[in-house]
Structures are given as C-alpha cells and as structure tokens.
Amino acid sequence: MQVKINGKAEEIAGGTVLDLLQTKKIEPQMVAVEVNDIMLDRSHLGTTSLKDGDRVEFLFYMGGGR
Amino acid sequence: MEFTDDQISRYSRHILLPEVGGKGQKKIAKAKILLVGAGGLGSPAALYLAAAGIGTIGLIDSDVVDLTNLHRQILHHTSDVGRPKVVSGKEKIQALNPDVKVSMYEERLTSGNALKIIGDYDVVIDGVDNFTAKFLINDACFFAGKPLVHGGILRFDGRVTTIVPKQSACYRCIFKTPPPPGLVASCQEAGVIGVLAGIIGTIQATEALKLVLGIGQPLTNRFLDFDAKKTQFREIKVKRNPDCALCGAHPTITELFDDGDPFAGCAVRP
C-alpha cells in the first residue's frame, strides 16, 4: 500500500507506525509522529495501524541555534 | 513619542507600508524583545531587529566569542574572540542603530532567573543550542504568558514555529520531554552550515516583528522546516495537545524546572 511520508509517496508493507519506524531504523524516542494531522502518543505507536493513503509526518528533534 | 527627522528617514521604507505606517513604527519603537542566545540564530535576529528600530533588545548569553562561532554568528567579529557575546552584541546593535536600548544578561537562562527576565519583554526568541534550555524557554513563556518564536538548526536543516501560550501548540504539545541523553550527539559533533542561522534567525525576527505589529498570520500551529540541501520548505500542521503536561487540561508541570542535561547536545536524526 501507499502512504505519504513527510510529503513523499512511499510503498510500504503495512503494519503499525512502530513497524514503519523499525523498518526505517528510527528510534521511537527520537521522533514525534503525526498520522493524518493527528499527533500520536508514543504509547500508541505500536497499536496504530497504517492504511492506504495515510499521511505520516516524522518530526525529529531539532536542537542547535547558538 | 515623536520621531525626529532622522528617524523618519531611517524608518521611511517601513512607514511607507500601510501595514506599518507611523503608528506601527511607534509600536516597534516601544517593543521589547528578548533574545535567548546571542549566537547563530540570535545574530541575524539581533541585527535585523536593531535595524527595524526595536526599542529594547535583551541579550542573554553566558559565553565568550570563540573562533569556531564566527562561521555563523555574524553579530561577532574576529576581533571579538574572547569577549563576552553580550558585550560584543550590544556594540554591533548600537553601531547599527543607536536608537536601540540593549539590556545585557551575561548568564545562562535557568529555572531560577527565567520568569524574572522574560517578564520584562513582549516577545521571546529562542536561539539556544540545547534541549533543556529549549524546554525551559517554552515553559517560562507559558507561565509568563509571552509569545515565543522557537528556532532550531542542525547540519542542513532548520525549523521555526511561533508559540502563543494557551492559544497555540507549545513545544511540549509535540515533543513532551527532551530526547534521552544517550541518543543525542553534541552540536560540535553534528555541525551546521553557517548560512542556515541567517535563514532561520531572520524568519524568527520576521515573526517577532509581526507579533509586535499585530499583522499577518503568525506561524502558530505550524512547524516550518527548511532543508537547505534541497532548498525546500515544508510546513507541518500541529495542534494543541489536550493532554499536554504543561498547557493541557490537567497539567502536571506547574513550575519551572531544568528538564534533562543542558550539556547533552543537540543532534536530531537517529
């Protein structure tokens, strides 16, 4: 199925948001995840299944500035 | 308050704008903006806000200028190496525009001094380099009821968002807590392309000016992420989190504290 990840269409196997993070080797503690404009609580990453057409946004921490 | 002929000339291209005019320029002249960090993001913000004629600019920074700062911190010159950033910054601001009053705080922002300092200002600009300070600024602006223009830069990526307490999503609505220290690399390890500070810091200054003037649409409930490699902006809509520990319906954070280790670093991607 196809989802949009950070604005870019990608083919994925399906599964939960946590599965997607693991496939992409993203540490769940280092990212905030929105699905269809709704921010997910980290405790719900493993229970939220992705559907065809979902829009996923990964918001990484961005420090720096000085 | 009346402008002199020189001031009318200096600010004429502002005054010509219907959204600013003489009335708006007076708002700018009365405004007080606090820059937390007189470094990468604080430098362009300080210079443009000074040029704009902001009445009072507060500079808070405990550091001295280091040679490694100069590729991005354009408020400081080679001859300033070793001098306190707030002193160097004040000189540049006032050389550019002697109308501007500069208040110097040669210290770190802490849970002890934050509310007292921030309370004197209309708008706060985040130009710090660690997550503990970013969360502290977010929390302090919430408790003080002051709008905050948040910024971050790392490698080739930058981010800006504006936070109006109790009206728009705060930093904790999105990120809750600083990342675990074990997963964070130091800024020195990570690196940053210097010009990025100019892009992001200047957007922060734009947001601050809009807040002062009360014009346009603030960058609230939106994260504006910039990718310098692709020269691409991306806007991510965010919302207030009703369960936010700070600004939610049942807050668990009721006073300022230092969340995490201020020396843990600033890196972003795993």
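Conventions used here
- Residues numbered from 1 in each chain as written.
- Chains lettered and ligands numbered in written order.
- Predicted model: local features only at pLDDT ≥ 70, side-chain atom pairs only at ≥ 80, totals over all residues.
- Helix = DSSP H or I, 4+ residues; strand = E, 2+ residues; numbered from the N terminus.
- Rg over C-alpha atoms; globule rule 2.2 N^0.38 Å.
- Buried ≥ 20, exposed ≤ 12 C-beta atoms within 10 Å, placed from the backbone.
- Contact = placed C-beta atoms within 7 Å.
- Nonpolar A, V, L, I, M, F, W, Y, C, P; charged D, E, K, R; others polar.
- pLDDT = per-residue confidence, 0-100.
- Pairing = 2+ DSSP bridges.
- Axes fitted to C-alpha atoms, helices over the stretch in contact; angles between N-to-C directions.
- Parallel < 35°, antiparallel > 145°, perpendicular 65-115°, else oblique.
- Left-handed = near helix turned anticlockwise from the far one by under 90°.
- Core = buried A, V, L, I, M, F, W, Y, C linked by C-beta atoms within 7 Å.

Student: Hey, could you run me through the overall build of chain A in this one?
Tutor: Each helix and strand counted, chain A has one helix and five strands in total. Shown N-terminal to C-terminal, the secondary structure of chain A runs as helices and strands in the order β-β-α-β-β-β. Computed over C-alpha atoms, the radius of gyration of chain A comes to 12 Å, within 12% of the 11 Å expected from 2.2 N^0.38 for 66 residues, which places it in the range of a compact globule. Within chain A, the fraction of its 66 residues that count as buried is 27%. Excluding contacts between residues fewer than 6 apart, the proportion of contacts in chain A whose partners are at least 24 apart in sequence is 58%.

Student: Whenever I open this one, the interface of chain B and chain A confuses me. Can you help?
Tutor: How big an interface is tends to be reported as the loss of accessible area on association of its parts. Tallying the contact residues gives 37 residues for chain B and 19 residues for chain A. Of all the secondary-structure elements, those providing two or more residues to the side of chain B that touches chain A are α7 (131-144), β5 (148-154), β6 (157-163), α8 (171-175) and β8 (232-237) of chain B. Per-element tally for the side of chain B that touches chain A: the top contributor is β5(B), with four residues. When the residues that make up the side of chain B that touches chain A are grouped by side-chain class, the tally is 19 nonpolar, nine polar and nine charged.

Student: Any chance you could explain the confidence of the model for chain B here in plain terms?
Tutor: Keep in mind that low pLDDT regions are not for reading the predicted coordinates in detail. The predicted model of chain B has a mean per-residue pLDDT of 94, with 96% of residues at 70 or higher. Both confidence scores are given for the complex: pTM 0.95, ipTM 0.89.

Student: How should I be thinking about the sheet that holds strand β4 (residues 38-39) of chain A in this particular structure?
Tutor: Backbone hydrogen bonds are what pair the strands of a sheet, in a parallel or an antiparallel way. All names here are of chain A. Spatially, the five strands line up as an open sheet ordered β2-β1-β5-β3-β4, and their pairing is mixed. Since the sheet does not close on itself, it has two edges, and those belong to β2 (8-11) and β4, each with one partner. Pairing geometry for strand β3 (residues 31-35) and β4, over two bridges, is antiparallel. Across the sheet, the residue bridging to Glu34 is Met39, located in β4.

Student: Could you clarify how one ought to interpret the packing of helix α4 (residues 42-52) of chain B against helix α10 (residues 195-213) of chain B in this entry?
Tutor: When two helices pack together, their arrangement is given by the angle between their axes and by how far apart the axes lie. Residues and elements named next belong to chain B. Contact geometry for α4 and α10: axes closest at 7 Å, N-to-C directions at 40 degrees. Here α10 runs oblique to α4, going by the angle between their axes. Viewed along their axes, α4 and α10 form a crossing whose handedness is right-handed. Each of Gly42, Ser43, Pro44, Ala45, Tyr48, Leu49 and Ala52 in α4 lies in contact with α10, whose residues at this interface are Ala197, Gly198, Gly201, Thr202, Gln204, Ala205, Ala208 and Leu209. Broken down by class, the residue content of the contact of α4 with α10 amounts to nine nonpolar, six polar and no charged.

Student: Quick question: what am I supposed to make of the packing of α4(B) against helix α5 (residues 85-96) of chain B here?
Tutor: All names here are of chain B. In contact at an axis separation of 9 Å, α4 and α5 are set at 30 degrees when each is read in the N-to-C sense. For the pair α4 and α5, the crossing hand works out as right-handed. Contact residues: Ala46, Leu47, Ala50 and Ala51 in α4; Gly89, Lys92, Ile93 and Leu96 in α5. Partitioning the contact of α4 with α5 into residue classes produces six nonpolar, one polar and one charged.

Student: Looking at this structure, I do not really get the sheet that holds strand β2 (residues 56-60) of chain B. What am I missing?
Tutor: All names here are of chain B. In space, the eight strands of this open sheet follow the order β3-β2-β1-β4-β5-β6-β7-β8, with mixed pairing throughout. With partners counted over all chains shown, the strands left at the sheet margins are β3 (101-105) and β8, one partner each. With strand direction ignored, the average angle separating the axes of adjacent strands in the sheet is 15 degrees. Relative to the sheet, α5 contacts β2 and β3, its axis offset from that of β3 by approximately 175 degrees.

Student: Explanation requested: the nonpolar core in the structure shown.
Tutor: As a rule of thumb, nonpolar side chains are buried together in soluble globular proteins. Residues and elements named next belong to chain B. Ile33 and Ala46 are the most contacted members of the largest nonpolar core, which totals 80 residues. At ten residues, the largest contribution of residues to this core is made by α10. When sequence neighbours within four positions are dropped, the list of residues in contact with Ala46 reads Leu35, Ala38, Ile57, Leu59, Leu75, Gly89 and Ile93.

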